[in-house]
Amino acid sequence: MRWIAREHQFNFPRPTIVMGIVNTTPDSFSDGGRFLDADAAEAHALRLANEGAEILDIGGESTRPGSAEVTVQEELDRVIPVIERLAKRPELVLSIDTQKPSVAREALTAGASIVNDIAANRADPEMWQVVAEAEAGYVCMHMQGTPQTMQAKPEYDDVTTEVIAFFKERLSLLLAHGVAAEQIALDPGIGFGKTLEHNIKLLRDLNKFSLVERPVLVGASRKSFIEKLLGAPVDERLPASLACAAWAAIQGSQIIRVHDVAETAQAVRMAEALAR
Ligand code: 8Y7
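These numbers were taken from a predicted model, which means no experiment stands behind them. (Residues numbered from 1 in each chain as written. Predicted model: local features only at pLDDT ≥ 70, side-chain atom pairs only at ≥ 80, totals over all residues. Heavy atoms only, no water.)

A. Structural context of the pattern of salt bridges. Scanning the model with the defined rule gives 20 salt bridges in all. Measuring nitrogen to oxygen at the nearest pair gives 3.0 Å for the salt bridge that ties E272 to R269. Placement of both E272 and R269 in helix α9 (residues 261-275) is noted, with a separation of three residues, approximately one turn of the helix. With relative accessibility at 15%, the residue E272 sits in the buried group. With a relative accessible area of 33%, R269 lands in the partly exposed category. (Salt bridge = Lys/Arg side-chain N within 4 Å of Asp/Glu carboxyl O. Helix = DSSP H or I, 4+ residues; strand = E, 2+ residues; numbered from the N terminus. Buried < 20%, exposed > 50% of the residue type's maximum accessible area, 1.4 Å probe, protein only.)

B. Broad picture of the sheet that holds strand β8 (residues 184-187). Spatial strand order, β8-β7-β6-β5-β4-β3-β10-β9: eight strands in an open sheet with parallel pairing. Only two strands of the sheet have a single neighbouring strand rather than two, namely β8 and β9 (217-218). Note that strand β3 (residues 17-23) and strand β4 (residues 55-59) share five bridges and pair parallel. Looking at β4, one finds that I21 is bridged to D57. (Pairing = 2+ DSSP bridges.)

C. Region of interest: the site of the ligand. As a structural note, the neighbourhood of the ligand is formed by T63, D97, N116, I118, V139, M141, D187, F192, L217, G219, K223 and R257. N116 is positioned such that a nitrogen or oxygen atom in its side chain is 2.7 Å from a nitrogen atom of the ligand. Here the ligand, which alone exposes 400 Å², has 88% of that area covered by the protein. Its residues assigned to classes, the shell around the ligand comprises five nonpolar, three polar and four charged. (Near = heavy atom within 4 Å. Polar contact = N/O pair within 3.5 Å; in protein donor to acceptor, adjacent residues only side chain to side chain. Areas by Shrake-Rupley, 256 points an atom, 1.4 Å probe, with all protein chains shown as cover. Nonpolar A, V, L, I, M, F, W, Y, C, P; charged D, E, K, R; others polar.)

Everything listed here is a matter of coordinates, which is why it stays silent on function.
Quick look at the structure:
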């Protein structure tokens with residue numbers, strides 16, 4: 001199996017890919033202005049790459065449950081300077097985390113290779129046209145509802161079956177809009193319109209997603225379901241995040257999206273060695 005993202009290619013089976021999270025939302029405790037924000041995000045991204053992140057996921061919009069929407073211009077002002085700086089290093093694989101086709105287009109022009117789309121459940125095809133045209137990698141994430149509404153009352157008969165059905169339906173829709181299967185990775189969207197029980201079930205069933213025959217991305221890092229299960233506040237969720245990462249790797253997921261890259265790379269490399 002192969003995942004193609006413009007000039008980059010990942011050939012599976014291969015070691016699990018660690019995707020490092022690069023947040024460009026303005027730092028609430030610094031008033032350094034745009035230049036310093038971009039500086040800090042660039043430095044953070046380079047640190048994550050040094051720690052073993054093979055993909056950097058750059059986002060300028062908070063998608064926490066109930067979070068406010070950000071304008072196109074605001075999002076562009078946050079992410080484009082960071083992508084432009086990082087794009088000077090062609091060895092880095094850059095992913096744009098956005099729900100907006102216009103932001104994705106500009107980010108691809110600035111040097112990103114992957115569109116990480118948490119709103120892949122939308123009806124409007126513009127995002128897929130952007131992805132098809134650029135021959136970009138595409139992360140198709142499952143979400144029930146929107147970030148504003150998703151945690152109100154998540155409901156499924158069988159969450160795993162419904163997520164697999166969503167993947168199949170979106171794959172054919174994407175192909176119909178000119179995106180090649182080899183551009184697409186799938187993501188069950190941990191925490192996006194799911195209760196604690198739904199999240200646990202999806203993680204338990206990760207191996208079932210292999211039947212769709214596309215790379216699977218899992219993002220569990222520091223998420224609030226860990227607190228619901230274990231009572232851990234956000235700055236104390238690393239051990240449980242590492243357990244999820246090691247588990248996901250053993251269950252055959254190909255890409256793990258995390259904040260703590262060095263720790264995750266070590267956990268995942270160990271788990272892979274044991275499972276071999
Ligand atoms: C995910 C994500 C977030 C995820 C993918 C957080 C942007 C919330 N989570 N993208 N984004 N998968 N593909 O806690 O699970 O990181 S934001």
